[in-house]
Amino acid sequence: MAEARAYSEVWYQALRAWETSETDKVKVHYGPARASTMRVVGIGNYSTSGTGQGGSFWAGVEMVHLPNGLHRSNLVGGMCSADPLLSELHRGAGMGSLLHHSGRGWADPKARAMAYADAVLGLAVALGDELARTHAQALAFARMARTISVESQD
């Protein structure tokens, strides 16, 4: 359980920091579509200065640094917008940390910290992080086991 908490914190802090970089710029050509070719649509920041060809531009893709590698920031941002907690986090709000200041257990309020952990691990799984999948399952199992033990005491 402690490892799952720690891993969710790593993802949480990476999303809070939202560190980005731009990929190497590529030259994108555009013009009238031809049946035998495809037009390339760039994603990211564009600059037409210095191209001098009128039918091309340089494009770079903004990438966000996350624990399992670089991901397109517009994709991750869109995924965050689809979840209320992740949207809040993406706007710079949310808790400072998911972990209690002692380093043991969840921060207060515990239910909110656990909800954030579920959200960030869910995003991590959607972005292909298999370690996050393992930790998300561990948190779900721990929650279910705690519920079962509480119910069985009745």
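Bear in mind the structure is a predicted one, so any value in this text is a computation, not a measurement.

Looking only at helices and strands, the chain features five helices and six strands. Considering only contacts within the chain whose residues lie at least 6 apart along the sequence, 66% involve residues at least 24 apart. Approximately 9200 Å² of the chain is accessible, and the part contributed by carbon and sulfur atoms is 56%.

Right, let's get into the confidence of the model for the chain. Of all residues in the chain, 79% attain a pLDDT of 70 or more, and the chain-wide mean is 83. Here residues 149–154 is modelled with pLDDT under 50, and outside its nearest four sequence neighbours on either side it reaches zero contacts, counting other chains as well.

Turning our attention to the nonpolar core. By size, the foremost hydrophobic cluster in this structure holds 31 residues, and its most contacted members are Leu-15, Leu-66, Val-76, Leu-86 and Leu-98. Among the secondary structure elements, those contributing two or more residues to this core are α1 (2–17), β5 (62–66), α2 (73–81), α3 (84–90), α4 (110–126) and α5 (130–152). With ten residues, α4 is the largest single contributor of residues to this core. Setting aside chain neighbours within four positions, we find Leu-66 in contact with Trp-11, Ala-14, Leu-15, His-71, Val-76 and Leu-127.

This next bit is on the packing of aromatic side chains. Per the stated rule, a full pass over the model turns up one aromatic pair. Ring centres of Tyr-12 and Tyr-116 lie 5.3 Å apart, and the angle between their planes is 75 degrees; this geometry places the pair in the edge-to-face category. Taken together, the residues span a long stretch of sequence, with Tyr-12 in helix α1 and Tyr-116 in helix α4 at a distance of 104 residues. Across the ring face of Trp-106, the terminal group of Arg-5 is positioned such that the distance to the ring centre comes to 5.8 Å.

This next bit is on the side chain of His-71. Assignment of secondary structure puts His-71 in strand β6 (residues 69–72). Given the relative accessible area of 13%, His-71 is considered buried. A polar contact is formed between the side chain of His-71 and the side chain of Asn-68, at a distance of 2.8 Å.

Running from N to C, α1 and α4 cross one another at 80 degrees; their axes reach a closest spacing of 9 Å. Overall, the two elements α1 and α4 adopt an arrangement that is roughly perpendicular. Residue-level contacts link Tyr-7, Ser-8, Trp-11, Tyr-12 and Leu-15 of α1 to Tyr-116, Ala-117, Val-120, Leu-121, Leu-123 and Ala-124 of α4. For the contact of α1 with α4, a count of residues per class yields ten nonpolar, one polar and no charged.

Position of Asp-129 relative to the elements: it lies in the loop between α4 and α5. Buried and without a salt bridge, Asp-129 has Arg-133 as its closest oppositely charged side chain, separated by 8.4 Å. In terms of polar contacts, Asp-129 uses its side chain to reach the backbone amide nitrogen of Ala-132, at 3.0 Å. Once residues within four sequence positions are removed from consideration, Asp-129 is found in contact with Tyr-7, Trp-11, Asn-68 and Ala-124.

To continue, consider the sheet that holds β5. Spatial ordering of the open sheet is given by β1-β5-β6, a layout of three strands whose pairing is antiparallel. At either margin of the open sheet sits one strand with a lone partner, and together these are β1 (20–22) and β6. Ignoring strand direction, the axes of neighbouring strands in this sheet form an average angle of 40 degrees.

Rules and cut-offs
Residues numbered from 1 in each chain as written. Predicted model: local features only at pLDDT ≥ 70, side-chain atom pairs only at ≥ 80, totals over all residues. Heavy atoms only, no water. Helix = DSSP H or I, 4+ residues; strand = E, 2+ residues; numbered from the N terminus. Contact = heavy atoms within 4.5 Å. Areas by Shrake-Rupley, 256 points an atom, 1.4 Å probe, with all protein chains shown as cover. pLDDT = per-residue confidence, 0-100. Core = buried A, V, L, I, M, F, W, Y, C linked by side-chain atoms within 4.5 Å. Buried < 20%, exposed > 50% of the residue type's maximum accessible area, 1.4 Å probe, protein only. Phe/Tyr/Trp six-rings, centres within 6.5 Å; stacked < 30°, edge-to-face > 60°. Lys NZ or Arg CZ within 6 Å of the ring centre and 35° of its normal. Polar contact = N/O pair within 3.5 Å; in protein donor to acceptor, adjacent residues only side chain to side chain. Axes fitted to C-alpha atoms, helices over the stretch in contact; angles between N-to-C directions. Parallel < 35°, antiparallel > 145°, perpendicular 65-115°, else oblique. Nonpolar A, V, L, I, M, F, W, Y, C, P; charged D, E, K, R; others polar. Lys, Arg positive; Asp, Glu negative; His and termini not counted. Salt bridge = Lys/Arg side-chain N within 4 Å of Asp/Glu carboxyl O. Pairing = 2+ DSSP bridges.

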